[in-house]
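Fold and contact review
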Amino acid sequence: MPGRAALLVLALGLAATAQKSTLTLDPPWSIVFKGESVTLTCSTSHPPGRRFTWYRNNKVFRSTEINSLKIKYAQENDAGRYQCQASVFRRSDPVQLTISNDWLILQVPYYGVFEGDPLCLRCYGWKGARVSGIRYYRDGADVTPSHVNSELSIKQARTRDSGKYHCTGSMKTGIMVTKVNSPTVSISVQELFSTPVLRAAGSGDPIEGSSVTLSCVTQLNPQKLDTPLQRFFYKDSRALGEPRSSPDYHIPVAGLQDSGSYHCEVQTVTSSVWKQSPKLKIAVKRIPASQVSLEVQPLGGQVTEGEWLMLNCSVSMGTGPITFSWHREGARQAMRTETRSSQRMVYEIPAATETDTGEYYCMASNGNAPAPSPRVKVAVKVPVSPPHLTISAAGSWAAIGDVVVIQCESPRGSAPILYQFHHEGATLGNRTVSSRGPGSLALNVTSERDSGTYSCEADNGMASGPQHSDPFHLSVLVPVSGATIATDRMGPEVVAGESLNLSCLVESGTAPLFKWLHNAQELAAASGLDPPIAVGNMLHFWSVQLGHGGNYQCIASNQLSPQRVFQAPSKILAITVIEHMSARVVVPVTVSILFLFLMGVTAALVFYFKCWKKAEGMVFNALGRDTWLPVQHQPPGQRLPPPGSLGLHAEEPSYGNVCPLEPESGDVEYTVVNIKKRTGDKPKGTLPRDNEEYYVSYSVLPDPKPTWESAAGARAPEEKSRPDSDIYENVPHL
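Going along each chain's sequence as written, the residues are numbered from 1 onward. With pLDDT at 70 or above as the cut-off, local features in this predicted model cover only qualifying residues; side-chain atom pairs require 80 or more to be listed or tallied, and sums for whole chains, interfaces and linings still use all residues. With hydrogens and water stripped out, all remaining heavy atoms of the structure feed into the side-chain values.

Here's the deal with the sheet that holds strand E11 (residues 119–125)
In spatial order, the strands read E9-E11-E14; together these three strands make up an open sheet with antiparallel pairing. The open sheet has two edge strands with one neighbour each: strand E9 (104–107) and strand E14 (151–154). Direction aside, the axes of adjacent strands within the sheet are offset by 10° on average. Strand direction decides the pairing type here: E9 and E11, joined by four bridges, are antiparallel. Directly across from Leu 106, in E11, lies its bridge partner Cys 123. Should DSSP find at least two bridges between two strands, the strands are taken to pair. Put simply, DSSP H or I for four residues or longer makes a helix, DSSP E for two residues or longer makes a strand, and each gets a number counted from the N terminus. Each axis is a line fitted through C-alpha atoms, and for a helix only the stretch in contact is used; angles between axes span 0 to 180 degrees, taken between their N-to-C directions.

Below is the structure:
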């Protein structure tokens, strides 16, 4: 037993002397700021023992019993090349430590960087000061990635990443923020292993039946001799088996199928570094193949989509394994290449598609120039799919007079395609399309009979038969026209207090909406008057008042869209409201006849001077309603032409008050305005009238109605203003 223990100690000692100690730094940078601390650690693969020696610039400067050494508050004299040695182990590789007194430094790893290793650089400000706008440069070129912070990370370094690096950034130096450059640091990414070379044993092209050995040769870096590598061999870019640690690949018996372009790849086990050799061509010669032919099944090359398609390539002469390839005209690469010891091979397409249509040929070779076959045409017919029907209408509506384009198109199907169009089961017409695209039919919408269900069908003569589209319902809108106003009265005069109905009728039009105008203005409630009620095409007055007199017009409208509105204005209807006899004021019989006579004279004089103000028209809003049409909007208001445009402004009117025949009635009913007809041409815009001699306007008293007593008070000389009850309003009659 003691002998075995001694042998074990000796074996461990011999193994230790063959291995190096490893020196590491924490933090792992080769450059730090003055005043910062750095910890050096010495490690080994076996228990290191109890004594560690530390070297700086190849001189011993410290000896410890622990494997770490801390440099506190580093100074410039602490810079140098450090090494360590653990007991009987060999001295470690040197590590360079730099102490900087600059504002900004670029920190790089203290250890050597090889291909495939991660590389991390840090742009670091004095004593951890904040640095903004950091940019990294290699050999003067900006290499800053789009997303970067204080560190620049390269996951797998390559030799092209070698160069002189520095960084820039903005930081506060004293009391100012300035842009600072770090000192330049050289980084060398060392090659892990050399580019491999593929070599074949012997000279010249191999002969069929002989053995061939291919060797993939590369050299590891002396510092990385323990790095495991694996090799891949390829023929015509196809892998030859699994990866192997051996540099050799053997072909026991070479044949024509072994001819081709070979190369190898060498990579680390982790695939962090891989390199490819140049290609090596190997040709094994034999008797060439000839008289190549290609046969298609089904015969004639007519295939329905989804059927089996077979391309049979064969040679009449040639022995040994033959390489067959199948090609489609216009394609750069072969669809398939395969080598077999046979004079016939089949390329199969289990389910042909429309994209398989074209000209095909095959080529055969057993190591010599490939021999092509004659071209064969293949046509894949695609059954027509259910078509889509579209109509160029606003939603599902069209107006009479529109030209609607009906299109029918199948997403798939071989041309030519026959499209047929139907309306309510009846055929409208057909179109034949010889290439991709829809079949179109123009429909002139002339009446509501063009409403209904439309459909189409597509047929390209295949066994699946014609395909039908989904139905489409088109509705036809009849634009409004011929609007007229009707009243439930025999004449234009209405007695105040009675009811009145106006109706707006149209000759034609789908679901019209109606708007009412009073004296060229939209209907609205006037002060003291009960507004009429508009329901549908009716305008109803529960109790007509004097202020309701005037000119009425209705506008009927419907629309396909806010941009396509149809309107039909009616002619103007003049309504005259006369006061009911029962409304006049009755004076008590107890009043003396003389007092009544004086009050009547006074009222007549006052009304004679005050009957001149213009009356305001009454405006009412028609009620809206919902329909099943496209969204309908009220038609824009249409104002009647102002009196000036009718030639009234240039006439000389004469006014006369028409007072009650009996003074005790108390009211002035209206004022007659006689306007003589002008000689010469009428102004532009004047409306035609039955009576061109005179125009008459009525003046109506607003509520409250004036009394003879208030009119008499107007004669008093000390009265400076008119009471509200004496104000008159003119209602123009056109």
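From this point, the narrative continues.
Some points on the nonpolar core
The criterion is simple. A nonpolar core is a set of buried Ala, Val, Leu, Ile, Met, Phe, Trp, Tyr and Cys residues joined through side-chain atoms within 4.5 Å. Relative accessibility decides the category of a residue: with a 1.4 Å probe and only protein chains considered, values under 20% of the type maximum give buried, values over 50% give exposed, and everything between is partly exposed. Counting residues in each nonpolar core, the largest one holds 28 residues, and the members touching the most others are Leu 500, Leu 502, Trp 516, Leu 539, Phe 541, Tyr 552 and Ile 575. Elements represented by at least two residues in this core include exactly strand E37 (397–399), strand E47 (500–505), strand E48 (513–518), strand E51 (538–541), strand E52 (550–561), strand E53 (564–569) and strand E54 (573–578). Looking at this core element by element, the count peaks at four residues for E52. In this view, Leu 539 contacts Leu 500, Asn 501, Leu 502, Trp 516, Leu 523, Pro 532, Ile 533, Ala 534 and Tyr 552; residues no more than four positions away in its chain are not counted. Core analysis: the next-biggest nonpolar cluster, separate from the first, contains 23 residues, Val 296, Met 345, Tyr 360 and Ala 364 among them. Contacts are assigned to residue pairs with any non-hydrogen atoms lying within 4.5 Å of each other.

A word on the state of the cysteines
By disulfide we mean two sulfur atoms from cysteines, separated by a distance within 2.5 Å. Considering all chains together, one arrives at six disulfides under this definition. The side chain of Cys 504 participates in a disulfide bridge whose partner is Cys 554; the two sulfur atoms lie 2.1 Å from each other. Given an S-S torsion of about 65°, the disulfide between Cys 504 and Cys 554 has right-handed geometry. Of this pair, Cys 504 sits in strand E47 while Cys 554 sits in strand E52, placing them 50 residues apart in sequence. Of the two residues, Cys 504 and Cys 554, neither departs from the other in class, the shared state being buried.

So, the environment of Pro 383
Locating Pro 383 in the fold gives a position in the loop between strand E35 (376–381) and strand E36 (388–391). What Pro 383 contacts, discounting residues up to four positions off in sequence, is Glu 305, Arg 412, Gly 413, Asn 460, Met 462 and Ser 464.

A short note on the packing of aromatic side chains
Working definition: a ring pair exists when centres of Phe, Tyr or Trp rings (six-membered ring for Trp) sit within 6.5 Å. Plane angles under 30 degrees give stacked, over 60 give edge-to-face, the rest tilted. Applying the stated criterion to the full structure yields eight aromatic pairs. Ring centres of Phe 33 and Trp 126 lie 5.2 Å apart, and the angle between their planes is 75°; this geometry places the pair in the edge-to-face category. Of this pair, Phe 33 sits in strand E2 (residues 31–33) while Trp 126 sits in the loop between E11 and strand E12 (132–138), and the two are 93 residues apart along the sequence. You can call Phe 33 buried: its relative accessible area is 0%. Residue classification places Trp 126 among the partly exposed residues on the basis of a relative accessible area of 21%. Taking 5.5 Å as the distance between ring centres and 25° as the angle between the ring planes, the aromatic pair formed by Phe 233 and Tyr 249 counts as stacked. With a gap of 16 residues between them, Phe 233 in strand E21 (residues 229–235) and Tyr 249 in strand E23 (residues 248–251) connect regions that are remote in the sequence. Here Phe 233 falls in the buried class, since its relative accessible area comes to 3%. Its relative accessible area of 16% is what places Tyr 249 among the buried residues. Here the aromatic cluster, defined as three or more aromatic residues joined through ring pairs, consists of Phe 33, Tyr 124 and Trp 126. Remark: a charge is flagged as sitting over a ring if the NZ atom of Lys or the CZ atom of Arg is within 6 Å of the ring centre and within 35 degrees of the ring normal. Sitting over the face of the ring of Phe 61, Arg 56 holds its NZ or CZ atom 4.8 Å from the ring centroid. Lying across the ring of Tyr 361, Arg 375 places its NZ or CZ 3.9 Å from the centre.

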